[in-house]
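# Observations on chain architecture
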Amino acid sequence: MQRWLAFTLVEIVLAVFILMLLLLLAVPSLSGVLANNRLRRSLNGFNNLVRQAQERSVAERRAYLIVWREKGVLLRPEVFAKGQQTSTTVELKLTLKLPAALTNKPPAEWIFWPSGTCEPATVQFKGAAGSWTANYLPLTARPEVTSYVAR
């Protein structure tokens, strides 16, 4: 005795409708995950630059600066050694606030001293993936993320 499995047109249409509904629900959550990953990469990229500044300032026993430019930020020594022209650049649109600055409009430079300490700073990022704000502590240069919003 043979059994035939057959589906009616209504059953097939219903199954396709359910699959489409699940797909429509999954797409927004997937785009949110991708935006969160891009935002996390921007925060990690800047934190790597901060760590490099701190490590180089201690290892070379001289001050390093993270300098804000139009197209991003760059890491450079406060005073170049003879023949030295190297710097590390991160292409992120960031804003810097120096709460302990003595002037109203300090230069857009964040200094790391040879001891590995830095001046306290607040850094903000805003991009297509979202925004974050981090306060960097002067003794450890570790971020305290105060705002993190993925789109």
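Residues numbered from 1 in each chain as written. Predicted model: local features only at pLDDT ≥ 70, side-chain atom pairs only at ≥ 80, totals over all residues. Heavy atoms only, no water.

### Notes on unusual backbone geometry
A negative phi holds for most residues other than glycine; trans holds for most peptide bonds. Its identity as a non-glycine residue notwithstanding, Arg 61 has a phi of 55 degrees, on the positive side. Among the structural elements, Arg 61 can be located in the loop between helix 1 (9-60) and strand 1 (64-69). Look at Arg 61 and you get exposed, because its relative accessible area is 71%. Although it is not a glycine, Ala 141 adopts a positive phi angle of roughly 60 degrees. Tracing the sequence through the fold places Ala 141 in the loop between strand 7 (130-136) and strand 8 (143-150). Accessibility expressed as a relative area gives 5% for Ala 141, which makes it buried. (Helix = DSSP H or I, 4+ residues; strand = E, 2+ residues; numbered from the N terminus. Buried < 20%, exposed > 50% of the residue type's maximum accessible area, 1.4 Å probe, protein only.)

### Quick notes on the pattern of salt bridges
Side-chain pairs of opposite charge can arise where the charged atoms are in close proximity. Under the definition given, this model contains three salt bridges. For Arg 62, the salt bridge identified is with Glu 60, shortest N-O distance 3.0 Å. (Salt bridge = Lys/Arg side-chain N within 4 Å of Asp/Glu carboxyl O.)

### Section: the pairing of strand 1
The buried count for strand 1 comes to five of six residues, which makes it a mostly enclosed element. Of the pairings in the sheet, the one linking strand 1 to strand 2 (residues 72-77) comprises six bridges and is antiparallel in character. Paired with Tyr 64 across the bridge in strand 2 is Pro 77. Where strand 1 folds back onto strand 2 in an antiparallel hairpin, the turn is made up of two residues. (Pairing = 2+ DSSP bridges.)

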